[in-house]
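What the coordinates show
Chain residues, written in single-letter form:
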Amino acid sequence: MNPFTALGLPARPDLTDDQVRGAWRTVAAQTHPDRADGGNPAAYAAATAAYAQLRTPWGRTEALADLTATTAIPPPGPVPPAPARAIWRTLAVLPARIRHGRPLRMAARAVIAAAVALTALTVIPGTASAPAIVAGAALWWALTARSDLAPPPGR
Amino acid sequence: MSVWGLLRALAVLWLLRQGLRLARALIVAAALVVLWPVTITAAIAMFAAWLRGWPPARLYRAAAWSTVMTAVYLITAALYGRGWRTVALAPVRDWQAASRLLEHASILHAALLMVPVAVPAGLVVGGLAWTWRINAISTGTAGLSPYAPAVFDARQWRRQVRAARGALAAPGTVPLVTGAGTVPVGPVIRAVARRWTPVLAIPAVSFTRHMVIVGSSGSGKTNLMIRLWAGWYAAAAQAARRGRPRPLLAALDCKGGPDARAKAARTRRVLHGVGARRVAIWPDEATVSLWDIPPRELAVLLHQMTEHGEGAAAYYADVSQAVLTMAVCAPGGPPRSAAGFLERLDPGWLAGAYADARPAEATALRAAGPHLGDIQLRYATLLNRLGPALDGPGNIGDADAWYFILEGTREPSVAEAQAMAITELIAHAATSRAAEPRAMLLAADDYSAVSRRVPLSNLYERGRSLGLGVMVSAQSWQGLGADDDERYRIAATADGGLWVMQTPYPEPLVQLAGTRRVLETAHKLIGATWGDEGTSRIQHAWTADPDLIRQLATGQACYIHRGTATYVQIARPRPSALPLPAARTPARPVIIPPARATGNGHPDHDPPTIPLPLAGLDDVLGPGAAP
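Residues numbered from 1 in each chain as written. Chains lettered and ligands numbered in written order. Predicted model: local features only at pLDDT ≥ 70, side-chain atom pairs only at ≥ 80, totals over all residues.

Comments concerning the overall build of chain B
Per the secondary structure count, chain B includes 21 helices and 13 strands. Relative to the 2.2 N^0.38 estimate, which gives 25 Å for 627 residues, the radius of gyration of chain B is 34 Å and therefore markedly larger than a compact globule would have. Taken along the three principal axes of its C-alpha coordinates, chain B extends 120 × 80 × 55 Å. Taken across its 627 residues, chain B has 43% of its residues classed as buried. (Helix = DSSP H or I, 4+ residues; strand = E, 2+ residues; numbered from the N terminus. Rg over C-alpha atoms; globule rule 2.2 N^0.38 Å. Buried ≥ 20, exposed ≤ 12 C-beta atoms within 10 Å, placed from the backbone.)

In structure tokens form, the structure reads like this:
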């Protein structure tokens, strides 16, 4: 079982000893078999085991290591590239990258780009410049909004 | 020719020259007016570059990107009207239409019509004009006074710093590693003798060479080092997914103290964020075994770990070395623990081990016999002082990263011996054929604190020969080595680059970047004012300006590499806020146990004392808590 879940803690590397001890005390107070209602011995045992594992920074490192994906580093040898999967993975994390980045600034940039494009399409319709300005505004937004995205996981 | 005729000829010549000058100015003015869309864009671009401290390269890059707009414009023009002439004359037609609209005060309409052509052209013209302006000012041929170059440079530096700091605010500007495997360090403030890029990114291959970091206390050295470690780790982990060896980082914090613990915890957090699984902090949480070192090397190391005198003491040093070699390389195999080793420094044990010894060994044993007690006492004291963290069951290869804390300030002699042992263990891990090959980076922060007996250059040259990257830091030029010879040996062989942060004596370091040719202009003094006549000559100036380095603010660094200097604003290392994906395969079981004793007596070394498991609810919440 995930020891972080057993203590109701997020699986993060920056937890402190006090946070872990506090979480364990809370769970233990609610589930201890000495309680009048008999508690929840199974949950208490799980929390105690989790606390034993997470009480030191090194223990947390170990527990976190069990949860993170770097075991996926394969043994030495050629790995077939999977561009389609990479693109899909990039797109899948995009909403989270926007959320953890600067979404308001990105939105502001999008509004400016849209306004410029709309102005061009309204003021000079039917000219070669209008679609060019729309393309230019979209490109400007794409180039400048990149820095507003949070880096992908692991970077 | 008469005097009158000569005067008339001179006057005609002067008028002709002035006329030509006026004509040239008029032609330029006319061109600027006629090409008003380009002129306006160029003026705006140049003003923005001046205000933000941008180099011309930035305008050229923007021009290159905006050609996409021009391409769409030309494609659309081709779709609207057939024939290449229509396409080629489309900008002229639009310019005529825009000029007519301008006459009718339709400014927005006119501007929009010209944007696809005027923007790239204007940016290029603005870039050229800005280049000319910078050259003119810095060579002293423009500006209102001879102080103009210095004033201009100082002002532009301030603006460049402000722009670089502004770029740091964007979360995606400086990730810890790029998709291409380079390690971004921070936005570029100024690039000298090198092509400008918005962000300085170090290729991962530079880490397999050697890097030197020099910066005073408080200059931001820690941030830089953690960023480089994390970036290297992330880049190496990316490479590992493509079948290259897994990364292993070994960082030696040679000063120690409470700061080191905070730094270790921060390093661990950042490394976790880039996918490191096990980040071991030595000696507080994890141990290594000195006894993993092959017997011959172990005997030499144990001998080197003790202080040796000169003169008559050299004799005892030889005796000690002979005994150590016999004890460690005994027929039954090397010792596996400190207790096992000390047990061997006993006449009875050695006699038993070498019962079938050759005559030479038996003679040596007999000769060393009277000294064995002293040698045992000496090594018992040494191993006791080193603490139990070098006598544990752990192995360097068991973790993804090690953070070794050596108390170099508090206990220099102990820290020196520990540093020797740890570097030997790392060297063993790098060369052991039995172990999994790993991409290794050995980073030593303030190594000078423990380098009295293991000079930094040794570490450096050792790393080179073992094929592992070495990164060393010092607080000053003097901290790099005992004498100038050693300092130059370290700094001059830093193929991976030299990071110079704020330091009061950067001269020897900036020499390694070399000089560049600049034009220096002298103005002729007429009375009490500077006239418009003077001389120019080619001079050599430092590529990395030592005065600028002395004035660097916290978090700014000058990266010297292959005759170039890049001033950079170091970005604080923060891994992505996005969680790493969940593991698909379980991790290996725990193999590094925590340190089991009190280390060096530092309160932080003590192992946790919370009793587990707890017996009752009172033990959890205090007496009387049980309902």
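So, next bit.
Re the domain arrangement of chain A
Considered domain by domain, chain A is made up of domain 1 (3-72) and domain 2 (83-148). For domain 1 of chain A versus domain 2 of chain A, the separation of C-alpha centres amounts to 44 Å. (Domains from an automatic or database assignment.)

Here we look at the confidence of the model for chain A
With 88% of its residues at a pLDDT of 70 or more, chain A has an overall mean of 83. Here residues 69-78 of chain A scores under 50 on pLDDT; set against residues more than four positions off or in separate chains, the count is 23 contacts. (pLDDT = per-residue confidence, 0-100. Contact = placed C-beta atoms within 7 Å.)

Notes on the pairing of strand β11 (residues 529-542) of chain B
Residue and element names in this part refer to chain B. Of all 14 residues in β11, one are buried; the element is thus mostly exposed. Strand direction decides the pairing type here: strand β10 (residues 515-526) and β11, joined by 11 bridges, are antiparallel. Note on β11: the bridge partner recorded for His523 is Gly534. The turn linking β10 back onto β11 is made up of two residues, and Gly527 within it adopts a positive phi angle of 65°. (Pairing = 2+ DSSP bridges.)

Section: the confidence of the model for chain B
Residues and elements named next belong to chain B. Summary statistics for chain B give a mean pLDDT of 85 and a share of 91% for residues scoring 70 or more. Of all the helices and strands in chain B, helix α21 (residues 617-621) carries the lowest mean pLDDT, 58, while strand β13 (residues 564-569) carries the highest, 96. Every residue in residues 584-615 is under pLDDT 50, and counting partners more than four places away or in other chains gives 61 contacts. Interface scoring of the predicted complex returns ipTM 0.76; its pTM is 0.81.

So, the environment of Gln321 of chain B
All names here are of chain B. Take Gln321: it is sitting in helix α11 (residues 313-328). For Gln321, a count of 18 C-beta atoms within 10 Å corresponds to the partly exposed category. Sequence separation between Gln321 and Leu301 is 20 residues, and the spatial gap between their C-alpha atoms is 10.0 Å.

A few points about the nonpolar core
Residues and elements named next belong to chain B. The biggest cluster of nonpolar side chains holds 135 residues, and the ones touching the most others in it are Tyr233, Leu252 and Val500. Per-domain counts for this core show at least three residues from each of domain 2 (183-288 + 394-522 + 535-569) and domain 3 (292-386). In this structure, Tyr233 is in contact with Pro247, Leu249, Leu271, Val274, Ala276 and Ala401, ignoring residues within four places of it in sequence. Residues Ala49, Trp54, Ala62 and Leu112 belong to the second largest nonpolar core, which totals 39 residues. (Core = buried A, V, L, I, M, F, W, Y, C linked by C-beta atoms within 7 Å.)

A word on the sheet that holds strand β1 (residues 183-192) of chain B
Residues and elements named next belong to chain B. If you walk across this open sheet you meet the 11 strands as β2-β1-β13-β12-β9-β3-β8-β7-β4-β6-β5, and the pairing is mixed. In this open sheet, the two edge strands, each paired with only one partner strand, are β2 (199-202) and β5 (279-282). Looking at each pair of strands side by side, their axes are set apart by 25° on average, direction ignored. Along the sheet, helix α16 (residues 412-431) makes contact with β4 (246-253), β6 (401-405) and β7 (438-445), crossing β4 at roughly 170°. (Axes fitted to C-alpha atoms, helices over the stretch in contact; angles between N-to-C directions.)

Section: helix α2 (residues 36-52) of chain B
Side chains three or four residues apart in an α-helix point the same way, a direct result of the helix having 3.6 residues per turn. Residue and element names in this part refer to chain B. For α2, built from 17 residues, the straight-helix expectation of 24 Å at 1.5 Å per residue is met to within 8% by its first-to-last C-alpha distance of 24 Å. In the core, the buried residues of α2 are packed alongside α3 (56-80), α4 (84-103) and α5 (107-138). Of the residues flanking the end of α2, it is Gly53, one or two places downstream, whose phi is positive at about 70°. (Expected span 1.5 Å × (residues − 1).)

Overview of the packing of helix α10 (residues 295-305) of chain B against α16 of chain B
Residues and elements named next belong to chain B. Two elements in contact, α10 and α16, have axes separated by 9 Å at closest approach and are oriented at 165°. Here α16 runs roughly antiparallel to α10, going by the angle between their axes. For the pair α10 and α16, the crossing hand works out as right-handed. For the pair α10 and α16, contact is made by Glu297, Leu301, Gln304 and Met305 and by Ala417, Met420, Ala421 and Glu424, respectively. A class-by-class count of the residues in the contact of α10 with α16 yields five nonpolar, one polar and two charged. (Parallel < 35°, antiparallel > 145°, perpendicular 65-115°, else oblique. Left-handed = near helix turned anticlockwise from the far one by under 90°. Nonpolar A, V, L, I, M, F, W, Y, C, P; charged D, E, K, R; others polar.)

A word on helix α7 (residues 129-145) of chain A
The first and last C-alpha atoms of α7 of chain A sit 24 Å apart over 17 residues, in line with the 24 Å expected at 1.5 Å per residue. Among the residues making up α7 of chain A, those that are buried are Ser129, Ala130, Ala132, Ile133, Ala135, Gly136, Ala137 and Ala145 of chain A. The inward-facing, buried residues of α7 of chain A contact α6 (103-123) of chain A together with α3, α4 and α5 of chain B.

Focus: the environment of Trp24 of chain A
Residues and elements named next belong to chain A. Structurally, Trp24 can be placed in helix α2 (residues 17-31). When the C-alpha atoms of Trp24 and Thr48 are compared, they prove to be 7.4 Å apart, with 24 residues separating the residues in sequence. For Trp24, the contacting residues outside a window of four places in its chain are Leu7, Ala47 and Tyr51.

Some details on the environment of Ala264 of chain B
Residues and elements named next belong to chain B. Summarising the element assignment, Ala264 is placed in helix α9 (residues 258-273). Sequence separation of Ala264 and Ala280 is 16 residues, and the distance between their C-alpha atoms is 9.2 Å. In contact with Ala264, not counting residues within four places along its chain, are Asp253, Ile281, Tyr403 and Ile405.

What to know about the pairing of β4 of chain B
All names here are of chain B. Most of β4 is tucked away, with eight of its eight residues classed as buried. Burial along β4 is two-sided: Arg246, Leu248, Ala250 and Leu252 and Pro247, Leu249, Ala251 and Asp253, pointing in opposite directions, are all buried. Where β4 lies against β7, eight bridges are found, and the strand directions are parallel. Directly across from Asp253, in β7, lies its bridge partner Asp445. Here β4 runs beside β6; their pairing, made up of five bridges, is parallel. Residue pairing for β6: Asp253 is matched across the bridge by Ile405.

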